[in-house]
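A closer look at the structure
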Amino acid sequence: QVQLVESGGGPVQPGGSLRLSCAASGRTSGTVTMAWFRQAPGKERDFVALHTWNGNTDYADSVRGRFTISRDNAKDTVYLQMSSLAAEDTADYFCAAGPYYSGRYAPNYVYWGQGTQVTVSS
């Protein structure tokens, strides 16, 4: 069992920056891949970024160049540094983890956090 707890969400102005954190506890063997997904009201849950234990990263086209995912293996924590934020980035952001190389497909992930709200507005 792995527990994931997100933090760092909140309101931010367009063009601003925000850093999300996701702390994992329990069996860290289940966190080969850690990822961020987001979901706006009435929309599907979309892939944002992922980071594997050995340092591979991947980003959705919509965030590439603006968001950076990083990982502290010693703390079993993954971060999402978001910059140049726009209204389209408003969503609930979810941390996810999987015990293998899970890719961009949400059903591949075994563990999920409860989400943290990011609201980008003037």
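First things first, this report covers the structure right here in the doc. Everything numeric here is computed off the predicted structure, so don't read it as measured data.

Overview of the overall build of the protein chain
Per the secondary structure count, the protein chain includes zero helices and 11 strands. Tracing the protein chain from N to C terminus, the helices and strands come up as β-β-β-β-β-β-β-β-β-β-β. At 13 Å, the protein chain has a C-alpha radius of gyration in line with the 14 Å of a compact globule built from 122 residues. Taken along its principal axes, the extent of the C-alpha atoms in the protein chain is 40 × 30 × 25 Å. Residues classed as buried in the protein chain amount to 45% of the 122 residues present. Counting only contacts in the protein chain whose residues sit at least 6 apart along the sequence, the fraction spanning at least 24 positions is 57%. Entry remark: accessible area of the protein chain is about 6200 Å², with carbon and sulfur atoms responsible for 47%. In the protein chain, the 10 positive side-chain charges and the 10 negative ones have mean positions that sit 4 Å from each other.

Thoughts on the pairing of strand 7 (residues 67-72)
Going residue by residue along strand 7, you find Phe67, Ile69 and Arg71 tucked away on one face and Thr68, Ser70 and Asp72 left uncovered on the opposite face. Note: strand 7 against strand 8 (residues 77-82), six bridges, orientation antiparallel. Bridging across to strand 8, Arg71 finds its partner in Val78. Once strand 7 ends, the chain turns through four residues before running back antiparallel as strand 8, passing Asp76 with a positive phi of about 50°.

Digging into the pattern of salt bridges
Tallied over the full model, the rule gives five salt bridges. Two residues, Arg38 and Asp89, come together in a salt bridge whose shortest N-O distance is 2.8 Å. Here Arg38, found in strand 4 (residues 33-39), pairs with Asp89, found in the loop between strand 8 and strand 9 (91-98); they are 51 residues apart in sequence, far enough to count as distant. Judged by its relative accessible area of 12%, Arg38 falls in the buried class. Arg64 is the partner of Asp58 in a salt bridge, and the nearest nitrogen-oxygen pair spans 3.8 Å.

Examining unusual backbone geometry
One non-glycine residue, Asp76, adopts positive backbone phi at about 50°. Given the relative accessible area of 7%, Asp76 is considered buried. Notably, Ser84 is not glycine yet its phi reads approximately 50°, a positive angle. Looking at the element boundaries, Ser84 is found in the loop between strand 8 and strand 9. A relative accessible area of 44% means that Ser84 is categorised as partly exposed.

Focus: the nonpolar core
In terms of nonpolar packing, the biggest core is built from 33 residues, with Trp36, Leu80, Met82 and Tyr93 touching the most fellow members. Put simply, the parts of the chain that give this core at least two residues each are strand 1 (2-7), strand 3 (18-26), strand 4, strand 5 (46-52), strand 7, strand 8, strand 9 and strand 11 (116-120). In terms of residues, this core owes the most to one element, strand 9, which gives five residues. Setting aside residues no more than four positions away along its own chain, Met82 makes contact with Gly16, Ser17, Leu18, Leu20, Arg66, Phe67, Tyr93 and Val118.

What counts and what doesn't
Residues numbered from 1 in each chain as written. Predicted model: local features only at pLDDT ≥ 70, side-chain atom pairs only at ≥ 80, totals over all residues. Heavy atoms only, no water. Helix = DSSP H or I, 4+ residues; strand = E, 2+ residues; numbered from the N terminus. Rg over C-alpha atoms; globule rule 2.2 N^0.38 Å. Buried < 20%, exposed > 50% of the residue type's maximum accessible area, 1.4 Å probe, protein only. Contact = heavy atoms within 4.5 Å. Areas by Shrake-Rupley, 256 points an atom, 1.4 Å probe, with all protein chains shown as cover. Lys, Arg positive; Asp, Glu negative; His and termini not counted. Charge placed at Lys NZ, Arg CZ, Asp CG, Glu CD. Pairing = 2+ DSSP bridges. Salt bridge = Lys/Arg side-chain N within 4 Å of Asp/Glu carboxyl O. Core = buried A, V, L, I, M, F, W, Y, C linked by side-chain atoms within 4.5 Å.

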